[in-house]
Amino acid sequence: MKAIIGRKVGMSQIFDADGKVIPVTVIEAGPCVVVQKKTQEKDGYTAVQLGFEDVPERKLSKPEIGHLSKAGVSPKRVLREFAIEGELSVGDIVRADAFKEGDHVDVTGISKGHGYAGVIKRHGAHSLKATHGTGPVARHQGSLGSGTDPSRIFKGTKGAGHMGVEQVTIMNLDVVKVDPELNMIAVRGAIPGPKGGLVTIRTTKKTIIVKKGDAGSSVNPQKASARVNPQKASARR
């Protein structure tokens with residue numbers, strides 16, 4: 001598995017060789033430095049801790065400074081742990097060119113905050129008619145159950161409340177372009193979070209199914225014979 005830490009720059013579009021537009025999100029990925037290496041013998045699992053973005057030493061606690069000083073690394077704002085495969089040692093640099101065009105990745109970030117939202121915006125509930133007779137409750141939630149029994153609201157009931165600022169992972173996005181000089185990675189589609197939001201990119205956990213055969217071709221022998229014999233009923237459809 002490959003992984004890197006970055007920040008969301010914003011959305012743009014790229015035109016492919018056929019002139020079709022591809023909506024992409026540009027991510028400033030890395031450079032990240034290996035701060036710690038976890039091993040099966042010592043820690044019970046294998047992982048690598050990456051550090052991202054330099055920060056003044058005064059903004060870190062003494063335990064954090066000691067942890068980074070032990071690795072011989074300058075103060076870092078963000079530390080994240082990944083189960084990265086390969087020979088990485090403490091002090092190694094992970095850059096955007098760790099990924100290449102065509103890779104499939106999972107992008108994790110913190111979604112935008114929407115404050116205290118009503119049940120319509122937060123859960124997609126419908127409103128009452130906005131003509132006559134609804135009073136000032138057109139966007140209210142309404143009844144949540146009987147009063148005498150159970151005389152309470154069950155936990156997990158959908159209602160108004162704080163919306164957003166949650167960890168969200170968008171899976172199986174493909175890498176459209178990589179710029180090692182600018183440390184930029186462009187992935188197809190949208191990713192969670194605002195501009196400047198912290199994101200992590202890692203190799204997707206989805207199973208990539210490779211399509212076999214050309215588009216439009218069929219392995220069905222009946223359909224194949226229909227193309228040879230246009231008198232068949234299946235060919236006249």
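Here the structure is a predicted model, which is why all the values come from computation and not from measurement. (Residues numbered from 1 in each chain as written. Predicted model: local features only at pLDDT ≥ 70, side-chain atom pairs only at ≥ 80, totals over all residues. Heavy atoms only, no water.)

Draft legend 1. Fine view of the overall build of the chain. Helices and strands together make up the secondary structure of the chain, namely 4 helices and 12 strands. The 237 residues of the chain split such that 30% are buried. Only carbon and sulfur atoms are counted for the fraction: they give 52% of the accessible area of the chain, which is about 15,900 Å². (Helix = DSSP H or I, 4+ residues; strand = E, 2+ residues; numbered from the N terminus. Buried < 20%, exposed > 50% of the residue type's maximum accessible area, 1.4 Å probe, protein only. Areas by Shrake-Rupley, 256 points an atom, 1.4 Å probe, with all protein chains shown as cover.)

Draft legend 2. Broad picture of the sheet that holds strand E10 (residues 167-179). Spatially, 6 strands are ordered E1-E2-E11-E10-E7-E12 in a closed barrel, and the strand pairing comes out antiparallel. Ignoring strand direction, the axes of neighbouring strands in this sheet form an average angle of 50 degrees. For strand E1 (residues 3-15) and strand E2 (residues 21-29), the ladder comprises 9 bridges, and the chain directions are antiparallel. Each bridged residue has a counterpart across the sheet, and for Gly6 the counterpart in E2 is Ala29. (Pairing = 2+ DSSP bridges. Axes fitted to C-alpha atoms, helices over the stretch in contact; angles between N-to-C directions.)

Draft legend 3. Molecular detail of the side chain of Thr134. Mapped onto the elements of the fold, Thr134 is located in the loop between helix H3 (119-123) and strand E9 (161-163). Apart from residues no more than four positions distant in its own chain, Thr134 is found in contact with Leu128 and Lys129. (Contact = heavy atoms within 4.5 Å.)

Draft legend 4. Structural view of the pattern of salt bridges. All told, the structure shown has 7 salt bridges when counted by the stated rule. As a salt-bridge pair, Asp103 and Lys2 come within 2.9 Å of each other at their nearest N and O atoms. With Asp103 in the loop between strand E6 (93-94) and strand E7 (104-110) and Lys2 in the segment before E1, this pair connects stretches of sequence that are 101 residues apart. The exposure class of Lys2 is partly exposed, given its relative accessible area of 29%. Two residues, Lys38 and Glu81, come together in a salt bridge whose shortest N-O distance is 3.1 Å. One end of the pair, Lys38, is in strand E3 (residues 32-38); the other, Glu81, is in strand E5 (residues 76-82), with 43 residues separating them in the sequence. Overlapping salt bridges, with partners in common, bring together Lys2, Lys100 and Asp103 in one network. (Salt bridge = Lys/Arg side-chain N within 4 Å of Asp/Glu carboxyl O.)

Draft legend 5. Inspection of the environment of Pro192 at higher detail. By secondary structure assignment, the location of Pro192 is in the loop between strand E11 (184-188) and strand E12 (198-203). Look at Pro192 and you get buried, because its relative accessible area is 9%. Taking the C-alpha atoms as reference, Pro192 lies 6.4 Å from Val168; in sequence the two are 24 residues apart.

Draft legend 6. Representation of the side chain of Thr200 within the structure. Topologically, Thr200 is positioned in strand E12. If near-sequence neighbours (up to four positions away) are discounted, Thr200 is found in contact with Ile4, Arg80, Phe82, Asp106, Val107 and Thr108.

Draft legend 7. Representation of the sheet that holds E5 within the structure. Overall, antiparallel pairing links the 4 strands, which are arranged E5-E4-E3-E6 in an open sheet. Edge positions in the sheet fall to E5 and E6, since each of these pairs with one other strand and no more. Bridge analysis of E3 against E6 gives 2 bridges, and the strand direction is antiparallel. Within E6, the position partnered with Val33 by the bridge is Ile93.

Draft legend 8. View of the nonpolar core. If you look at the biggest cluster of nonpolar residues, it comprises 27 residues, and the most contacted ones within it are Leu50, Val105, Ile185, Val187 and Ile201. Apart from the residues lying within four places of it in its own chain, the contact partners of Ile201 are Lys2, Ala3, Ile4, Ile27, Ala29, Phe99, Val105, Asp106 and Ile185. Within the second largest apolar cluster, 7 residues are counted, among which are Val55, Leu60, Ala71 and Val73. (Core = buried A, V, L, I, M, F, W, Y, C linked by side-chain atoms within 4.5 Å.)

Draft legend 9. A look at the confidence of the model for the chain. Looking at the chain, the pLDDT average stands at 87 and 89% of residues meet or exceed 70. Of all helices and strands in the chain, the one with the weakest mean pLDDT is helix H4 (residues 221-228) (60), whereas strand E8 (residues 115-117) scores best (96). (pLDDT = per-residue confidence, 0-100.)

Draft legend 10. Highlighting the layout of surface pockets. In this structure, the largest pocket spans a volume of roughly 280 Å³. Lining the largest pocket are 15 residues, with Thr108, Gly109, Gln167, Thr200 and Arg202 sitting closest to its centre. Among the elements of the structure, E5, E7, E10 and E12 are those that each provide at least two residues to the lining of the largest pocket. Among the residues forming the lining of the largest pocket, the class breakdown is 5 nonpolar, 5 polar and 5 charged. Here the second largest pocket defines a volume of roughly 190 Å³. What lines the second largest pocket is simply Val35, Gln36, Lys37, Thr39, Lys42, Asp43, His67, Lys70, Ala71 and Val90. Listing elements by their share of the lining of the second largest pocket, those giving two or more residues are E3, helix H1 (40-43) and helix H2 (62-70). Examining the composition of the lining of the second largest pocket, we find that 3 residues originate from one element, E3, more than from any other. (1 Å grid on protein atoms, 1.4 Å probe; cavity = no way out; pocket = protein on both sides within 12 Å on 5 of 7 lines; lining within 4 Å. Points joined across faces, edges and corners; volume = space filled by probe spheres on them. Nonpolar A, V, L, I, M, F, W, Y, C, P; charged D, E, K, R; others polar.)

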